[in-house]
Every structure is written in C-alpha cells, then in structure tokens.
Amino acid sequence: MTDALPEGWLPVPFGVDEGEATALAADLSRAAAESFPGFVDGEEARSAIARVVAQPRATSSTIARVWHVLGPGATGATADLSVAEQAGPVPDSPFPLSLPQRTWHFDAGCAVLSLVAPREGMPMAMGLRARRSDGSRTLIADVLGEPAVLGLVLDDVIALVGGARPSE
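Small disclaimer: the values here were computed from a predicted structure and weren't measured. (Residues numbered from 1 in each chain as written. Predicted model: local features only at pLDDT ≥ 70, side-chain atom pairs only at ≥ 80, totals over all residues. Heavy atoms only, no water.)

## Here we look at the overall build of the chain
The secondary structure content of the chain amounts to three helices and seven strands. Going from the N terminus to the C terminus, the chain shows its helices and strands as β-α-α-β-β-β-β-β-β-α. For 168 residues, the compact-globule estimate of 2.2 N^0.38 gives 15 Å, and the C-alpha radius of gyration of the chain, at 16 Å, lies within 12% of that figure. Taken along its principal axes, the extent of the C-alpha atoms in the chain is 45 × 40 × 30 Å. A total of 168 residues make up the chain; the buried ones form 39% of that total. A sequence separation of at least 24 residues applies to 51% of the contacts in the chain between residues at least 6 apart. (Helix = DSSP H or I, 4+ residues; strand = E, 2+ residues; numbered from the N terminus. Rg over C-alpha atoms; globule rule 2.2 N^0.38 Å. Buried < 20%, exposed > 50% of the residue type's maximum accessible area, 1.4 Å probe, protein only. Contact = heavy atoms within 4.5 Å.)

Okay, structure coming up:
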C-alpha cells in the first residue's frame with residue numbers, strides 16, 4: 001500500500017468480536033480525541049467505531065482497514081486493503097456476482113465501480129475496487145457504500161493503492 005494515508009483516513013481493526021468491540025471502541029475513541037484535533041469522544045463516536053471494527057472483512061485476504069472519519073469532509077466509508085500475490089488477473093470485485101458500471105484507469109491500475117452481491121437472490125450493493133500492479137503482486141482497496149460516497153472517496157481509494165487518477 002502507500003506509506004501515508006490520504007487526509008481524513010484512520011487505520012482501524014476489523015472483524016473484532018462484537019462483545020469486545022464496545023470496549024475497544026471506547027479506547028480508540030479516547031485515543032483519537034487525544035491525537036486528532038476536532039475528533040469528539042462521545043457515545044455517538046464510540047457506537048460508530050464499534051460498528052466499524054465489528055464489520056467482517058471484505059475478503060479473506062484483507063490485511064488492513066482504514067476509515068474515512070476525520071475532518072469536515074469525512075464520509076464514514078471504510079476501505080479494506082489486501083495484496084494479491086498471484087501473477088494472473090485480479091477480478092473487478094471481491095464478490096461472485098458483479099456487474100461493472102464504470103472503470104477509471106490510472107498508472108499501472110484501475111478502479112471499478114460495480115453492482116455486487118455475494119450470491120444470487122441477495123440484494124445488490126455498490127462496490128468500488130481499486131487495484132494496482134506492483135511487480136508480481138497487486139495492491140487492492142475495496143469499499144462498499146452508497147454511490148455518492150464512493151464518488152467522493154474515489155481519488156483517495158486510488159491513492160490507497162499508490163495510484164493517482166489522471167486529470168480528466
């Protein structure tokens with residue numbers, strides 16, 4: 001991934017047991033309030049943190065999660081980061097049911113906005129996957145969310161994999 005996170009993104013744990021998420025959220029909220037100007041430690045923040053850290057990971061290969069929660073432009077989006085160590089192509093989405101809607105190409109990679117579902121008969125959601133080749137591996141960032149939110153974080157998600165979207 002990249003050495004520095006885009007502005008407003010905070011690394012957080014993922015897949016935490018719900019029973020432990022509340023206590024962890026209290027600790028993380030206190031630490032964030034001490035470290036980031038403008039972050040307010042309170043029940044709303046702690047509930048949001050507990051929800052985010054208890055979410056299951058997007059893929060079995062997720063190695064990190066970042067949350068767009070800091071600053072006035074925060075969207076609440078979470079991005080799960082992973083690395084594919086395979087030589088072959090990486091799919092446009094982590095889900096078996098995926099209907100690509102739009103693709104953005106950038107240096108050594110692309111970002112794909114898709115309608116996704118884990119299997120037939122399940123409700124569709126919007127997913128954004130950015131991926132960039134880095135030698136024999138591919139760096140990946142996956143975000144699920146509302147289309148407007150995905151549009152707002154597109155450049156940041158591309159930056160999370162070390163890319164930069166060309167000017168349009």
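There's plenty left to go through after this.
## Remarks on the packing of helix α1 (residues 18-35) against helix α2 (residues 43-54)
Here α1 crosses α2 at 125 degrees, and the two axes come no closer than 8 Å. On the basis of the axis angle, α1 is oblique to α2. Judged by the twist between their axes, the crossing of α1 over α2 is right-handed. Between α1 and α2, the residues in contact are E18, A21, T22, L24, A25, A26, L28, S29 and R30 and A45, R46, I49, A50, V53 and A54, respectively. In the contact of α1 with α2, the residues fall into 10 nonpolar, two polar and three charged. (Axes fitted to C-alpha atoms, helices over the stretch in contact; angles between N-to-C directions. Parallel < 35°, antiparallel > 145°, perpendicular 65-115°, else oblique. Left-handed = near helix turned anticlockwise from the far one by under 90°. Nonpolar A, V, L, I, M, F, W, Y, C, P; charged D, E, K, R; others polar.)

## Some details on the sheet that holds strand β7 (residues 137-145)
Across the sheet, which stays open at both edges, the seven strands sit in the order β1-β2-β3-β7-β6-β5-β4 with antiparallel pairing between neighbours. Each edge of the open sheet carries a strand with a single partner, namely β1 (9-12) and β4 (97-106). Going across the sheet, the axis of each strand differs from the next one's by a mean of 25 degrees, ignoring polarity. As paired strands, β1 and strand β2 (residues 62-68) are joined by four bridges and run antiparallel to one another. Note that in β2 the partner of W9 across the bridge is H68. Of the strands in this sheet, β1, β2 and β3 (78-84) touch α2, which is tilted by about 155 degrees from β2. The sheet contacts of helix α3 (residues 147-160) involve β1, β2, β3, β4, β5 (109-117), β6 (125-134) and β7, and relative to β6 the element is tilted by about 10 degrees. (Pairing = 2+ DSSP bridges.)

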